[in-house]
Amino acid sequence: MFDIDKLSERFRDRERNILGHEKAMHSAVLVPLLRRNNEWHVLFEVRSHDLKRQPGEICFPGGRVEPQDEDDRETAVRETCEELQIPKERLEILGPLDILVQSQNFFIYPYVGIIEEDTTIHPNEEVEEIFTVPLSWFRENKPELHHLDMKIKPDQDFPFELIPNGKNYNWRGRRMPEYFYIYKEWVIWGLTARILRHFLEFV
């Protein structure tokens, strides 16, 4: 029998989450800041060309949230220290950026942190190279903006007879902005550019 009191109890202290979060892949990244030549820079990685997923892409340090991680903040720290091979003590986390929901199945938790000056960085085998960009460059150079049109394509056996207007249903596509920061020989785009642009709003 339905019990409204039990239902009320379940909702009383419930914290909101993202629908479908339990089945999604959760990753955390760090936007690393460091001082070079008396100026603040943002550090980027170029993924190894030997990697199966996104070889050669420019990204921030980060990776999948693992069961042993206390939270996504710890993931960002752990992955950064592993990929750059720096001691945890040389890294200071300033705080979180907004969660990036790339799709129903992929959530990214970005953080901003500082790598202490004069820290020796020896990227591991996942990283082809690292480079830094002065924050002043981003103030003077806006990204190129282009768009991707994401369209809905139902499966062949989709039950059109169950929805209004059937095959003539007016599906809502998605127009997604893509930002391109072109610095010397490097092109920063995709999720990295979206997180970077969000960070630069604070700067």
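All of the points below concern the structure found in this document. Starting afresh in each chain, residues are numbered from 1 along the sequence in its written order. Per-residue local features are limited, in this predicted model, to residues with pLDDT of at least 70; the limit for side-chain atom pairs, both in listing and counting, is 80 or more; totals at the level of whole chains, interfaces and linings are taken over all residues. Hydrogens and waters are ignored; side-chain quantities use all the structure's heavy atoms.

1. Concerning unusual backbone geometry
If you check the backbone angles, Asn 38 has positive phi at about 60° while not being a glycine. Helix and strand assignments come from DSSP, with helices taken as H or I runs of at least 4 residues and strands as E runs of at least 2, each series counted from the N terminus. Inspection of the secondary structure assignment puts Asn 38 in the loop between β1 (25-36) and β2 (39-47). On the basis of relative accessible area, Asn 38 is assigned to the exposed category, the value being 67%. A positive phi is found at Gln 54, a non-glycine position, where the angle reads about 50°. Inspection of the secondary structure assignment puts Gln 54 in the loop between β2 and β3 (58-59). The buried label goes to any residue with under 20% of its type's maximum accessible area, the exposed label to any with over 50%, and the partly exposed label to all in between, with areas taken from a 1.4 Å probe on protein chains only. What makes Gln 54 partly exposed here is its relative accessible area of 41%.

2. Things to note about a negative patch on the surface
What makes a patch is a set of residues exposed beyond 30% relative accessible area and free of salt bridges, joined within 9 Å when like-charged and within 5 Å when nonpolar (Val, Leu, Ile, Met, Phe, Trp, Tyr). Every accessible area reported is derived by Shrake-Rupley at a probe size of 1.4 Å, with residue values counting cover from the shown protein chains alone. Criterion for a salt bridge: a side-chain nitrogen of Lys or Arg within 4 Å of a carboxyl oxygen of Asp or Glu. His residues and chain termini do not enter the charge count, which takes Lys and Arg as positive and Asp and Glu as negative. A charge is said to be at NZ when it belongs to Lys, at CZ for Arg, at CG for Asp and at CD for Glu. A contiguous patch of negative charge, built from Asp 50, Glu 128, Glu 129 and Glu 185, is present on the exposed surface. Structurally, Asp 50 is set in the loop between β2 and β3.

Geometric descriptors of this kind do not, in isolation, establish any biological role.
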